[in-house]
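# Secondary and tertiary structure notes
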Amino acid sequence: RQRVTVIGAGLAGSEAAWQLAKRGIQVDLYEMRPVRQTPAHHTDQFAELVCSNSLRANGLQNAVGVLKEEMRTLDSLILKAADTASVPAGGALAVDRHEFAGFITEKLKNHENVTVHTEELKEIPEGIVIVATGPLTSPDLSASLKAFTGEDYLYFYDAAAPILDGDTIDRDKVYLKSRYDKGEAAYLNCPMTEEEFDVFYEELVKAEVVPLKEFEKEIYFEGCMPFEVMAQRGKKTLLFGPMKPVGLEDPKTGKRPYAVVQLRQDNSAGTLYNLVGFQTHLKWGEQKRIIRLIPGLENADIVRYGVMHRNTFINSPSLLKPTYQARTRDTLFFAGQMTGVEGYVESAASGLLAGINAAKMIAGEELVVLPRETMLGSMAHYITTADGKHFQPMNANFGLVPTLEDAPKKMKKQERYERYANRALETIQQFKDL
Ligand code: FAD
């Protein structure tokens, strides 16, 4: 009988192994801990939460809440563990991390279809394989992955700028223009007066940053400087860098602003925008405060905060199909943070789909691509169709789903989100027996 090799028993690999095993498929699950640790894990348990014990919002007004509900519908092991091990946390789903990881470890170790190998895999094996080795994939396996993907398609750190919900940008204040009008106008520009820049600058140099972990310090040497670090070098650094106004005269006045923040469209639907050159390590609350000082962004919602951390991930837009299969090898699946989804829940969600699809491959059935109306489907769609040149990992958010066709233009955000949630949960019902 055909078996599946799952590499990594983290959030994604554990979920993938469960989806396979419960469908009667034999799984070889490779986990290197505790023989070999990562710089962030401390235990020998599967699905160890390396940092926060929160799986974020549980309510359906929130995209990650909807994603969790979809996963419950598809019998997710990670969600079953989280619901069992939950601790009071207001609107969030937080867990007792030991109980959570213990539940998952026990279910998999005791499953008759799962054979656990406590071993580091250094090469991608033959056969049907799911690679779910996470942001801290071991160096030897990373080298093999690099050989498979090619030098330019595997990354070792994530230096991302914040991404905004396009609907929350004040279009009366920003203008569409490319620098020197070269090519098609592709950027939204937020113009600043000198006074506005001064306030922005003063607040920025005082803003609090997240300290880098010891193993993350190398990131700074890779030549990708956060904008708050640029600001520390002097007031002019930003004006000659990402906030340079030359060639960006405001078409309404013909005048050159003192400074400009450029927003680049981040998805083909034009519902998401990122701040060009604003990779940052500021604390999340500070990012919101500072960004809202930019004209046009006073009410902007950040759907994905800027981060700078160690992160092994592949260029999924070039390498993956929405089934989580490699484009050049049908029997090779990727799952988890590796694929450019971001977060515990998102990682587990991609493992769920990769597991279901590997099972389908063995059963000789057609593989599934869930509709974009679901959060599961929209995440797979995003990572496989985003702009490969600027690809950065992504959280679940409502900017990824198709807009409502019949909605009035000025619909309240909460109402819009509620309709996205209802639509997603109705759609996933059709797939509950996958
Ligand atoms: P992991 O959960 O890391 O699982 C990968 C597994 O593969 C590990 O158990 C590892 O030991 C194993 N492995 C690696 N290489 C090999 C090999 N060659 N052979 C065999 N096994 C191998 N997300 C959040 O939502 N909230 C947070 O607070 C948060 N904090 C984070 C903090 C840090 C320091 C990092 C690095 C990431 C954080 N993330 C957080 C992001 C991400 O959601 C988590 O890293 C998540 O665990 C990713 O799931 P995964 O399954 O892809 O990887």
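Attention here is on the structure that accompanies the text. The structure presented is a predicted model; accordingly, all values stated were derived computationally and were not measured. (Residues numbered from 1 in each chain as written. Predicted model: local features only at pLDDT ≥ 70, side-chain atom pairs only at ≥ 80, totals over all residues. Heavy atoms only, no water.)

## Re the pairing of strand β15 (residues 307-314)
- Judged by how many residues are buried, β15 sits mostly within the fold: eight of eight residues are covered.
- Looking at chain direction, strand β8 (residues 154-160) and β15 are connected through six bridges and run antiparallel. Among the inter-strand pairings, Asp158 is bridged to a residue of β15, identified as His309. (Buried < 20%, exposed > 50% of the residue type's maximum accessible area, 1.4 Å probe, protein only. Helix = DSSP H or I, 4+ residues; strand = E, 2+ residues; numbered from the N terminus. Pairing = 2+ DSSP bridges.)

## Description of the sheet that holds strand β4 (residues 86-87)
- Here we have three strands laid out as an open sheet, ordered β3-β5-β4, and antiparallel in their pairing. One side of each edge strand has no neighbouring strand; the edge strands of this open sheet are β3 (54-57) and β4.
- Pairing between β3 and strand β5 (residues 92-95): two bridges, direction antiparallel. Pairing of Ala57 across the sheet is with Ala92, part of β5.

## Some words on helix α12 (residues 375-385)
- Among the eleven residues of α12, nine are classified as buried, and the element is accordingly described as predominantly covered.
- Among the residues of α12, those classed as buried are Met375, Leu376, Gly377, Ser378, Met379, Ala380, Tyr382, Ile383 and Thr384.
- The secondary structure elements touched by the buried residues of α12 are α2 (63-73), β13 (272-275), α10 (316-319), α11 (344-363) and α13 (413-429). (Contact = heavy atoms within 4.5 Å.)

## Focus on the environment of Phe227
- Note that Phe227 resides in helix α7 (residues 227-232).
- Distance from Phe227 to Ala161, taken between C-alpha atoms, is 9.3 Å for residues 66 residues apart in sequence.
- Aside from chain neighbours lying at most four places away, what touches Phe227 is Phe200, Leu204, Leu238, Gly277, Phe278, Gln279, Thr280, Leu282 and Ile290.

## Description of the packing of helix α1 (residues 11-21) against helix α3 (residues 77-84)
- Packing of α1 against α3 brings their axes to within 8 Å, and their N-to-C directions diverge by 110°. Comparing their axes, α3 and α1 come out roughly perpendicular. In this structure, α1 contributes Leu11, Ser14, Glu15 and Trp18 to the contact, and α3 contributes Leu77, Ile78 and Lys80.
- The class makeup of the residues in the contact of α1 with α3 is four nonpolar, one polar and two charged. (Axes fitted to C-alpha atoms, helices over the stretch in contact; angles between N-to-C directions. Parallel < 35°, antiparallel > 145°, perpendicular 65-115°, else oblique. Nonpolar A, V, L, I, M, F, W, Y, C, P; charged D, E, K, R; others polar.)

## Notes on the sheet that holds strand β17 (residues 329-334)
- A sheet is described by the order of its strands in space; here six strands give the open sequence β6-β2-β1-β7-β17-β16, paired in mixed fashion. Lying at the two open borders of the sheet, with one neighbouring strand each, are β6 (114-118) and β16 (325-326).
- Here strand β1 (residues 3-7) runs beside strand β2 (residues 26-31); their pairing, made up of five bridges, is parallel. By the bridge assignment, Arg3 is partnered in β2 with Gln26.
- Sitting on the sheet, helix α5 (residues 139-149) touches β1, β7 (128-131), β16 and β17, and the angle it makes with β17 is about 140°.
- Its contacts with the sheet place α11 against β1, β7, β16 and β17, and it is angled at close to 155° to β17.

No statement about biological role is implied by the geometric values presented.
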